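The lines below spell out each chain.
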Amino acid sequence: MSQKNVEIVKRANEFLERRDWHGMSHLFDPNVELYGTVGGLEEDKILRGHSEITRAFETEDDEVWDEHRIEPQEFIDAGDRVVVLQREYQRSKSGAELVIDTASILDLRDGRIVRMQGYMNPAEALEAVGLSEQENVEIVRRGNAAFNRGDYERSAASWHPDIEFRDLAHAADAPETLRGAQALLSLMSEWRESFDDFRAEIGEYIEAGDHVVCVTRWTGRGTASGAAVDVSQVDVYELRDGKIVRVTLAYPDKTTALGAVGLSEQDAHAGSS
């Protein structure tokens, strides 16, 4: 699974946040198209070319919004397409405020973005690229998105009260295993104090019965030291009755993680085909 397209889309989102239209132009195909948001008021609208798209954003900024921020929660590689699961913060000129979870799909060709479309319903975006997930994957996905926002209480809503948390790469002065939702919340509070922008970017979800295997990149920066954290590993979540009952972090690779849940990579590919 190549991450090149994901990195391009990440850069495009950074330029969009700064309204750096010149920077974005280098990532767009000259004939890039922006389709209206599925489920939105202008679903049938199509804008073509960098200039037309830029003018539309500038007009909305001037005439519609006092504030409109889009915070990506997750980037999902889908071959020549990237799905962005995102949270939108909107405050209109009239003062109305809205916070909503949405999604976008960006199509790429030869390293450039050729097509973009938003989705009011993130599940529809996943279905549009053939990634309609099973319930367990969606539970893990939602919990991880809340974790990355720093909303640990909402993330905890996906846990069983007696959740077991095991870190195979734990620090020497930390226990390998914790038990109970409160113990795990306390650990996350320690992470919040120790790291800035500590997050888990899951690049691949593999459903394996009652387990979800996640290829994950953990990133952050030490609050005191400023040292960067950038660790790639494979994590496994076990679910029962719609709740996460066990988390095991830091398998060294996908083969080892799948073996821990009784599968091979060949089994995983067969199950997703």
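Scroll up to find the structure.
Please read all numbers here as calculations on a predicted model, not as lab measurements. Throughout this description, residue numbers start from 1 for each chain and increase along the sequence as written. Per-residue local features are limited, in this predicted model, to residues with pLDDT of at least 70; the limit for side-chain atom pairs, both in listing and counting, is 80 or more; totals at the level of whole chains, interfaces and linings are taken over all residues. Heavy atoms throughout the structure, all of them, feed into the side-chain values; hydrogens and water do not.

Is there a simple way to think about empty space enclosed by the protein in this case?
Where empty space is left can be seen by rolling a probe of water-molecule size over the atoms. The rule is simple: put a 1 Å grid over the protein atoms alone, call a set of points where a 1.4 Å probe fits but cannot get out a cavity, call an open set with protein on both sides within 12 Å along at least five of seven lines a pocket, and count a residue as lining if it has an atom within 4 Å of a point. Grid points are joined across faces, edges and corners, and a volume is the space filled by probe spheres set on the points. Per the counting criterion, the structure on display carries three cavities of 30 Å³ or more. A volume near 200 Å³ is recorded for the largest cavity. As a working rule, the residues Ala, Val, Leu, Ile, Met, Phe, Trp, Tyr, Cys and Pro are called nonpolar, Asp, Glu, Lys and Arg charged, and the rest polar, with Gly in that last group. For the lining of the largest cavity, a count of residues per class yields 13 nonpolar, four polar and no charged. Space inside the second largest cavity adds up to approximately 80 Å³. Taken together, N13, L16, E17, R19, F57, H68, R69 and I70 make up the full set of residues lining the second largest cavity.

Mind showing me how you'd approach the nonpolar core here?
One broad rule of soluble globular proteins: the nonpolar side chains tend to lie buried together. Nonpolar cores were defined as sets of buried Ala, Val, Leu, Ile, Met, Phe, Trp, Tyr and Cys residues, with membership established by side-chain atoms within 4.5 Å. Partly exposed describes any residue whose relative accessible area lies between the buried limit of under 20% and the exposed limit of over 50%, with all areas from a 1.4 Å probe on protein chains only and scaled to the type maximum. With 29 residues, the main nonpolar core has V140, W159, F165, W191 and I244 as its most contacted residues. Put simply, the parts of the chain that give this core at least two residues each are helix 5 (135–148), helix 6 (152–156), strand 7 (159–167), helix 7 (181–194), strand 9 (195–208), strand 10 (211–222), strand 11 (228–240) and strand 12 (243–251). Residues are treated as being in contact if the distance between any of their heavy atoms lies within 4.5 Å. Other than its neighbours up to four places away in sequence, W159 contacts A181, L184, L185, M188, K243 and I244. One finds V6, V32, L47 and F75 within the second-largest nonpolar core, a separate group that totals 21 residues. To qualify as a helix, a DSSP run of H or I must reach at least 4 residues; to qualify as a strand, a run of E must reach at least 2; elements of each kind are numbered from the N terminus.

Please clarify how the sheet that holds strand 6 (residues 112–119) should be interpreted in this entry.
Adjacent strands of a sheet pair through backbone hydrogen bonds, lying either parallel or antiparallel. Between any two strands, at least two bridges found by DSSP are needed for them to pair. Spatially, six strands are ordered 2-1-6-5-4-3 in an open sheet, and the strand pairing comes out mixed. Because the sheet does not close on itself, it has two edges, and the strands there are strand 2 (46–48) and strand 3 (65–78). In this sheet, neighbouring strand axes are inclined to one another by 20° on average, regardless of whether the strands run parallel or antiparallel. Bridge count between strand 3 and strand 4 (residues 81–92): 12 bridges; the pairing is antiparallel. Bridging across to strand 4, I70 finds its partner in E88. Simply put, an axis is a line fit to the C-alpha atoms, just over the touching stretch for a helix, and the angle between two N-to-C directions goes from 0 to 180 degrees. Against the sheet, helix 1 (residues 4–18) engages strand 3, strand 4, strand 5 (97–109) and strand 6, with an angle of about 175° to strand 3.

Explanation requested: helix 5 in the structure shown.
What sets the pattern is the α-helix's 3.6 residues per turn: residues three or four places apart point alike. For helix 5, built from 14 residues, the straight-helix expectation of 20 Å at 1.5 Å per residue is met to within 8% by its first-to-last C-alpha distance of 20 Å. With 12 of 14 residues buried, helix 5 lies mostly within the body of the structure. The positive-phi residue at the C-terminal boundary of helix 5 is G150, with phi of around 80°. Here a helix's expected span is defined as the number of its residues, less one, multiplied by 1.5 Å.

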